[in-house]
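Working through the structure, step by step
The residues making up each chain are set out below.
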Amino acid sequence: MCTVVIRVPETADEPTRLLAIRDEDPGRPWNPLGRWWPEAHEGVVGVRDVRAGGAWLAADPGTSRLAVLLNRADVSTRPETELVSRGGIVLDAVAGRPPAHDPRTHGFNLVEVDAARSRVRTWDGAALRTVDLAPGTHMIAHDDVDDLRTSRIARWLDEFRATRPAPGEEWWMPWLAVLEASASLESTDDEAIIRDNRPHGYPTLSLLACVASIGRDGIDVRYGELTRPGQWGGLELG
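Residues numbered from 1 in each chain as written. Predicted model: local features only at pLDDT ≥ 70, side-chain atom pairs only at ≥ 80, totals over all residues. Heavy atoms only, no water.

Within an unreviewed UniProt entry, the label attached to the protein chain reads NRDE family protein, and the organism entered is Microbacterium hominis.

Shown next as structure tokens:
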């Protein structure tokens, strides 16, 4: 039940800005942002899932491509023995090989960004769809893009749209202020962005966040972990 906020610029002269918050089981180990795939994906940086070896978020500075994956419910009837980890999809996407036809995974929303466009590929176990993102600010979680059926999107999308990234190097600070304001809600509240999903039947809590700027001049990705899972205590991104 991760959350992504993305601002697509009006012109290619401006960078795309992205904020991604990861919800995961705190007992499932991960590696922070780094170069964890030097042979198969030279130069790619990302947040690595230790168990399966794939990525939650990955970026290739050489091509200015970034991808981040959010889980989504699906209607697949495939047995678990035929399914593979979704983390490989992220690494394939930044290598220029997006998913096609009939992915052998559970459902997902895959956010893909490069200097020219931003899009979301959605797999629900029955159909693979692609949505090109228009200029403006969007939110993605476990349903469709800007889907007001998702309580946190209904509550916070307008706040993010009204809050422009700051000029200068730390452009993400106004968005972190919205995150801090959202943390006035209990982390178990369905409208919360910094989340404890256990009462909703999932063993996941918000653990970390990345921000990224993607444009003609290249790509810059920053990483930070929450001090305590599912609780806001500030976020240092570096």
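Our focus in this paragraph is the nonpolar core. Core analysis: the biggest nonpolar cluster contains 27 residues, and Trp-56, Leu-66 and Val-111 have the highest contact counts within it. The set of elements that each furnish at least two residues to this core consists of strand E1 (3-8), strand E2 (16-24), strand E4 (45-49), strand E5 (55-60), strand E6 (65-71), strand E7 (108-113), strand E11 (205-215) and strand E12 (218-225). Per element, the largest residue contribution to this core is five residues, and it comes from E11. Counting residues in hydrophobic clusters, the runner-up holds 22 residues, among them Val-5, Ile-21, Leu-176 and Leu-226. (Core = buried A, V, L, I, M, F, W, Y, C linked by side-chain atoms within 4.5 Å. Buried < 20%, exposed > 50% of the residue type's maximum accessible area, 1.4 Å probe, protein only. Helix = DSSP H or I, 4+ residues; strand = E, 2+ residues; numbered from the N terminus.)

Counting across every chain of the model gives three aromatic pairs. Where Phe-160 meets Trp-175, the ring centres are 6.0 Å apart and the plane angle is 90°; that geometry is what we call edge-to-face. One end of the pair, Phe-160, is in helix H2 (residues 151-162); the other, Trp-175, is in helix H3 (residues 173-182), with 15 residues separating them in the sequence. A residue is classified by how much of its surface remains accessible, and Phe-160, at 1% relative accessible area, is buried. By relative accessible area, Trp-175 is classed as buried at 0%. Ring geometry for Trp-171 against Trp-172: centres 5.8 Å apart, planes inclined by 80°, an arrangement best described as edge-to-face. The burial state of Trp-171 is the same as that of Trp-172; both residues are buried. In this structure an aromatic cluster arises from ring pairing among Phe-160, Trp-171, Trp-172 and Trp-175. Here the basic side chain of Arg-155 rests over the ring of Trp-156, its NZ or CZ set 3.9 Å away from the ring centre. (Phe/Tyr/Trp six-rings, centres within 6.5 Å; stacked < 30°, edge-to-face > 60°. Lys NZ or Arg CZ within 6 Å of the ring centre and 35° of its normal.)

Here we come to the sheet that holds strand E9 (residues 128-132). Spatial ordering of the open sheet is given by E3-E4-E5-E6-E7-E8-E9, a layout of seven strands whose pairing is antiparallel. At either margin of the open sheet sits one strand with a lone partner, and together these are strand E3 (30-34) and E9. Neighbour-to-neighbour, the strand axes of this sheet turn through a mean angle of 15°, independent of strand direction. Where E3 lies against E4, three bridges are found, and the strand directions are antiparallel. (Pairing = 2+ DSSP bridges. Axes fitted to C-alpha atoms, helices over the stretch in contact; angles between N-to-C directions.)

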